[in-house]
Amino acid sequence: MTQFKDYLKEVKTRLDCKSDGELSRKLKLTSASTHHLIHGITVASDETCLRIAELTGDNPAYIIALAHASKATDKTRPVWEKIAALTTSSLITLLVLFISSRVFCILC
């Protein structure tokens, strides 16, 4: 399972941020907060996860579940990881169904 800090590094690359400071500005966070997130010292709030979702187009439920999994106890981490995995697979399933229905309608 991807760690939130690794996901955030991927986000930095996807948003073409040349520095942590640039990522901070896009996320509307202080440089210190961004540094702590990137190095796994702290985990993003739900509000920050929503900002990331707005910037990346990623499923906000996945990002929030990933953040919660990173700060969860050993007992609850598997639950959050499963939620994160389900949000990803559910989105893919819905997308496939949508595309399938569009193709079917076109062929009608």
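As a starting point, this report considers the structure included with it. All of these numbers come straight from a predicted model, not from anything done at the bench.

### Describing the overall build of the protein
Step number 1: The number of helices and strands found in the protein is six helices and zero strands.
Step number 2: Scanning the protein from its N terminus toward the C terminus, one meets helices and strands in the order α-α-α-α-α-α.
Step number 3: Considering only contacts within the protein whose residues lie at least 6 apart along the sequence, 48% involve residues at least 24 apart.
Step number 4: When the accessible surface of the protein is totalled, it reaches about 6,900 Å², and 62% of it is carbon and sulfur.

### So, unusual backbone geometry
Step number 1: Of note in the backbone geometry, Asp-16 takes a positive phi value of approximately 60° without being a glycine.
Step number 2: Considering the arrangement of structural elements, one finds Asp-16 in the loop between α1 (4-14) and α2 (20-27).
Step number 3: On the basis of relative accessible area, Asp-16 is assigned to the partly exposed category, the value being 48%.
Step number 4: Here the phi dihedral of Lys-28 falls at roughly 60°; this positive angle occurs in a residue that is not glycine.
Step number 5: Turning to its location among the elements, Lys-28 is positioned in the loop between α2 and α3 (31-38).
Step number 6: For Lys-28, a relative accessible area of 68% puts it in the exposed group.

### Some words on the nonpolar core
Step number 1: Judged by nonpolar contacts, the single largest core of 21 residues is most densely connected at Phe-4, Tyr-7, Leu-8, Leu-23, Ile-52 and Ile-63.
Step number 2: Broken down by secondary-structure element, the contributors of at least two residues to this core are α1, α2, α3, α4 (46-56) and α5 (60-71).
Step number 3: Every residue in contact with Phe-4, bar those within four places of it in the chain, is listed here: Leu-37, Ala-44, Cys-49, Ile-52, Ile-63, Leu-66, Ala-67 and Ser-70.

### A closer look at the packing of aromatic side chains
Step number 1: Counted under the stated rule, the structure contains two aromatic pairs.
Step number 2: An angle of 50° between the planes, with centres 6.1 Å apart, marks the rings of Phe-4 and Tyr-7 as tilted. Here the residue Phe-4 and the residue Tyr-7 both occupy positions in helix α1, the gap between them amounting to three residues, near one helical turn.
Step number 3: Classification of Tyr-7 by relative accessible area gives buried; the value is 3%.
Step number 4: The rings of Phe-4, Tyr-7 and Tyr-62 are connected pair by pair, giving a single aromatic cluster.

### Quick word on the environment of Ser-33
Step number 1: Within the secondary structure layout, Ser-33 lies in helix α3.
Step number 2: Its relative accessible area of 30% is what places Ser-33 among the partly exposed residues.
Step number 3: The spacing of Ser-33 and Ala-44 is eleven residues in sequence and 8.9 Å in space, taken between C-alpha atoms.

Calculation rules
Residues numbered from 1 in each chain as written. Predicted model: local features only at pLDDT ≥ 70, side-chain atom pairs only at ≥ 80, totals over all residues. Heavy atoms only, no water. Helix = DSSP H or I, 4+ residues; strand = E, 2+ residues; numbered from the N terminus. Contact = heavy atoms within 4.5 Å. Areas by Shrake-Rupley, 256 points an atom, 1.4 Å probe, with all protein chains shown as cover. Buried < 20%, exposed > 50% of the residue type's maximum accessible area, 1.4 Å probe, protein only. Core = buried A, V, L, I, M, F, W, Y, C linked by side-chain atoms within 4.5 Å. Phe/Tyr/Trp six-rings, centres within 6.5 Å; stacked < 30°, edge-to-face > 60°.

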